[in-house]
Every structure is written in C-alpha cells, then in structure tokens.
Amino acid sequence: MEQVPNQNRADRSQRPLPRHVGIIMDGNGRWAQRRGLPRSAGHKEGAKNFKRIAKYCNRIGIQYLTVYAFSTENWKRPALEIKALMLLFKQYLKEALDEFEEENIQIRFLGDTSVFSSDLQELIRQTQEAAKKQTGMVLNIAMNYGGRAELVSAVKAICAKVTSGELEQNEIDEATISQYLDTAGQPDPDLIIRPSGEYRTSNFLLWQSAYAEYLFMDILWPDFTPENLEEALDAYAHRNRRFGGVTPV
Ligand code: IPE
Ligand code: IPE
Ligand code: MG
C-alpha cells in the first residue's frame, strides 16, 4: 500500500473524507486456511469485522458505505461453503438489525435478493423496513450482486419504459442509467478499498466506480482494522482527483 506522510496522521480531522466508501471484503478463505481452519471460520471472522468496520465508518462521519458480501459469481463455490455463508448472513443480519438500529445506520441491499431462502428474504425485508426510521450512514450490503447483472436489469427496465411509451429513446442519458441501478439516488463511490492483495474489481460497482479512487491493500479482510481504514482515508486525502480536467493552480 502507498506510504502516507506521518505528519498527516496528527491532523486527521482536517482531511477531506470520502462521502461514499466501497469495500470488497476479500480474503476470508485465506485467513482461515493459514490457521488450518475451514473457510467458513474465515467467513465468520469476516462477518464480525464487517460489523466493527461499519460502526466505525458511521462514527467518523462516512455517509455511505457499500460492502461487497456475495457476488453473482460466488455461486460457483462448493455447496457447503455457500450453505455456511447463508447461515452467517442470517445470523449477522439478525444481530445487525438490533445493533445498527442503536447506531442509527440505514441498511439497504444491492443485488437480486429474490433468490435467497424465504426466511433470509424476510429478514432482509425487516431490516429494510427498520432502516426507514434511521437517519445515519447508509450501509449498502451487496449480496448476490454483480455490476454486469445490475446493468442488464437496468437495460431491461429502460427498454420496458420505452416500449410502453413512458420514456423516449433519445431522452436516455447517463443519469437515466444511474436511476435504474440498485444505488439510485446515492452518490457514486469516492474510494474503493480492496484488502486481500488482489488487484481487480471482481464485478463491483462497475458503472458507479468510473471515477472512484482505488486502494488495494495487502491485508486479509478479517485482519483489517479501523487503523487500516484510517490509513486508507489518509491515502485518499492525498489523491488528486481531476475527473478528466486539470489540477487548479
Ligand atoms: C471473501 O473472502 C468473501 C466472499 C467472497 C464471500 P474469500 O472467501 O473470497 O476469501 P479468499 O479470497 O478465498 O481468501
Ligand atoms: C469478490 O471476491 C467478491 C466478494 C468479496 C464478495 P472474490 O474472492 O469472489 O473475487 P475473485 O474470485 O478473487 O475475483
Ligand atoms: Mg476471494
């Protein structure tokens, strides 16, 4: 990971904070394998860490946090691992429902959740209902999410509007596409962090990340601490975001 000047650490309250942070929570399996444990033990530790980091982000004033919990490609994993993950989702959503309510965090879901078991879907419904009363950080949990699948759904929905005459084809612009994504109405991510040492997006927020700052960190997700997050935020504060323009002098 890139070096952050030490003097900056003292002055964290002054640095520009990203409004929207994305995290690809990767490395659970390797964390467990290095300890001779089953991969599911890594997922459990990763889920615990998800709660810790989400609360921390809310407390320091991050307005939107999107975590990648399960991708559309993760169904390729062994049935036993998927089963363990589904059990964890249920357990941690139940816990999050109480704990995040206390913390005023608004949970939303990205991805097609209609494929999950009926009890998991019911939990998702309750969580989203509770979120309507909250006013703190928006926490998007991407589950059965893939950036490509999200774009396919958006294209289909837009085509249906054109066919029904509710939308003119030549009215379609970038804002129209954004409105049909699962993140509709939310700002694009400013910073995307991927722990685990992999340097790829793995189908995360494809459209929304056009101008996101990426930070790849060589640490496994269960080991990722609030201090690692602070390091990422320090690195972000030193980025020069130009959005295709030039740096003002
Ligand atoms: C991320 O950890 C969690 C999910 C994808 C559900 P991994 O399970 O991908 O961990 P590694 O990459 O194999 O270490
Ligand atoms: C990305 O991690 C998805 C999640 C963290 C949920 P993967 O472990 O599935 O990604 P690849 O297979 O290494 O690209
Ligand atoms: Mg992985």
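Note on numbering: residues in each chain are counted from 1, in written sequence order. Ligands are numbered from 1 and chains lettered from A, in the order in which they are written. Whole-chain, interface and lining totals are the exception, using all residues; otherwise, since this is a predicted model, local features are given only for residues with pLDDT of at least 70 and side-chain atom pairs are given and counted only at 80 or more. As a convention, hydrogens and water are excluded, and side-chain values are obtained from all of the structure's heavy atoms.

1. Quick notes on the packing of helix 2 (residues 39-60) against helix 3 (residues 79-102)
Spelled out, the test is: An axis is simply a line fitted to the C-alpha atoms; with a helix, the fit covers only the stretch in contact. Between two such axes, the angle follows the N-to-C directions and lies from 0 to 180 degrees. Each helix is a run of DSSP H or I of at least 4 residues and each strand a run of E of at least 2, with the numbering of both proceeding from the N terminus. In these notes the angle categories are as follows: under 35 degrees is roughly parallel, over 145 is roughly antiparallel, 65 to 115 is roughly perpendicular, and the rest is oblique. Two helices cross in a left-handed way if the nearer one is turned anticlockwise from the farther one by less than a right angle. They cross in a right-handed way if the turn is clockwise. Contact criterion: two residues are considered in contact whenever any of their non-hydrogen atoms come within 4.5 Å of each other.
Put simply, helix 2 and helix 3 touch, their axes get as near as 10 Å, and they point 25° apart. Classified by the angle their axes make, helix 2 and helix 3 are roughly parallel. Between helix 2 and helix 3 lies a crossing of right-handed hand. Every residue of helix 3 that contacts helix 2 at Arg39, Ser40, His43, Lys44, Ala47, Lys48, Phe50, Lys51, Ala54 and Lys55 is listed here: Glu81, Ala84, Leu85, Leu88, Tyr92, Glu95, Glu99 and Phe100.

2. Here's the deal with the pattern of salt bridges
Condition: The term salt bridge refers to a pairing of a side-chain nitrogen on Lys or Arg with a carboxyl oxygen on Asp or Glu at a separation within 4 Å. For every residue, the accessible area (1.4 Å probe, protein chains only) is compared with the maximum for its type, and the residue is labelled buried under 20%, exposed over 50%, or partly exposed between those bounds.
Using the criterion set out here, one finds 24 salt bridges in the structure. With a closest N to O distance of 2.9 Å, aspartate 234 and arginine 12 form a salt bridge. A residue pair is termed long-range when its members are at least 10 positions apart, and aspartate 234 in helix 7 (residues 226-237) and arginine 12 in the segment before strand 1 (20-24) qualify at 222 residues. Arginine 12 shares its class with aspartate 234; the two are buried. We note a salt bridge from arginine 239 to glutamate 213, for which the minimum N-O separation is 3.0 Å. Linking arginine 239 in the segment after helix 7 with glutamate 213 in strand 6 (residues 213-216), this pair joins segments that are 26 residues apart in sequence. For glutamate 213, a relative accessible area of 14% translates into the label buried. Salt bridges here are not isolated pairs; linked through shared partners, they connect Arg12, Arg15, Glu227, Glu230 and Asp234.

3. Some points on helix 4 (residues 118-131)
To be explicit about the condition: Any helix carries an expected span of 1.5 Å times its number of residues minus one. Working definition: the arc comes from the directions between the helix axis and the C-beta atoms, pointing outward to the latter.
Helix length check: helix 4, at 14 residues, gives a terminal C-alpha distance of 20 Å against a target of 20 Å (1.5 Å per residue), a fit within 8%. All buried positions along helix 4 are accounted for by Leu120, Leu123, Ile124, Thr127, Ala130 and Ala131. Around the axis of helix 4, the buried residues are gathered within 130° of arc, so they sit on the same side. On its buried side, helix 4 packs onto helix 3, strand 3 (106-110) and strand 4 (138-145).

4. Side note on the nonpolar core
Where we set the bar: Here the nonpolar core consists of buried residues drawn from Ala, Val, Leu, Ile, Met, Phe, Trp, Tyr and Cys, with membership extended through side-chain atoms lying within 4.5 Å.
Residues Ile23, Phe50, Leu65, Leu139 and Ile141 are the most contacted members of the largest nonpolar core, which totals 41 residues. In terms of residue count, the dominant contributor to this core is helix 3 (seven residues). If we ignore the near neighbours within four places in the chain, the residues touching leucine 139 are Phe50, Ala54, Leu65, Val67, Phe100, Ile105, Gln106, Ile107 and Arg108. Counting nine residues, the second-largest nonpolar core is a separate cluster that includes Leu110, Tyr145, Phe204 and Ala212.

5. Notes on the site of ligand 1
What counts here: Any residue with a heavy atom lying within 4 Å of a molecule or strand is counted as near it. Residues adjacent in sequence count toward polar contacts only when both atoms are side-chain atoms; beyond that, a polar contact is any pair of N or O atoms within 3.5 Å, and within protein one must be able to donate a hydrogen and the other to accept it. Exposure was quantified through the Shrake-Rupley algorithm and a 1.4 Å probe, taking into account, for residues, occlusion by the shown protein chains and nothing else.
Near ligand 1, the surroundings consist of Met25, Asp26, Gly27, Asn28, Gly29, Arg30, Arg39, His43, Ala69, Asn74, Arg77 and Leu85. At a separation of 3.3 Å, an oxygen atom of ligand 1 approaches a polar backbone atom of glycine 27. Contacts to ligand 1 include arginine 39, whose side-chain N or O atom sits 2.9 Å from an oxygen atom. Relative to its unbound accessible area of 380 Å², ligand 1 is 88% covered by the protein chains. Contributing elements (two or more residues each) for the shell around ligand 1: helix 1 (28-33) and helix 2. Considering every element that reaches the shell around ligand 1, the biggest residue donor is helix 1, with three residues.

6. A short note on the site of ligand 2
Under the convention used in this document: Residue type decides the class: Asp, Glu, Lys and Arg count as charged, Ala, Val, Leu, Ile, Met, Phe, Trp, Tyr, Cys and Pro as nonpolar, and the leftover types, Gly among them, as polar.
All residues in the neighbourhood of ligand 2 are listed as Ile24, Met25, Asp26, Tyr68, Ala69, Phe70, Asn74, Arg77, Arg194, Arg200 and Ser202. For ligand 2, an oxygen atom lies 3.2 Å from a polar atom in the side chain of arginine 77. Relative to its free-state accessible area of 390 Å², ligand 2 is covered by the protein chains to the extent of 79%. In terms of residues, the shell around ligand 2 owes the most to one element, strand 2 (residues 64-71), which gives three residues. Split by residue class, the shell around ligand 2 holds five nonpolar, two polar and four charged.

7. What about the pairing of strand 4?
The condition that has to hold: The pairing criterion is simple: DSSP has to find at least two bridges between the two strands.
Within strand 4, eight of the eight residues are buried, which leaves the element mostly enclosed by the surrounding structure. Pairing between strand 2 and strand 4: seven bridges, direction parallel. Following the sheet pairing, tyrosine 64 is matched in strand 4 by valine 138. In this sheet, strand 4 lies alongside strand 3 in parallel orientation, the contact comprising five bridges.

Distances and angles like these do not, on their own, reveal function.
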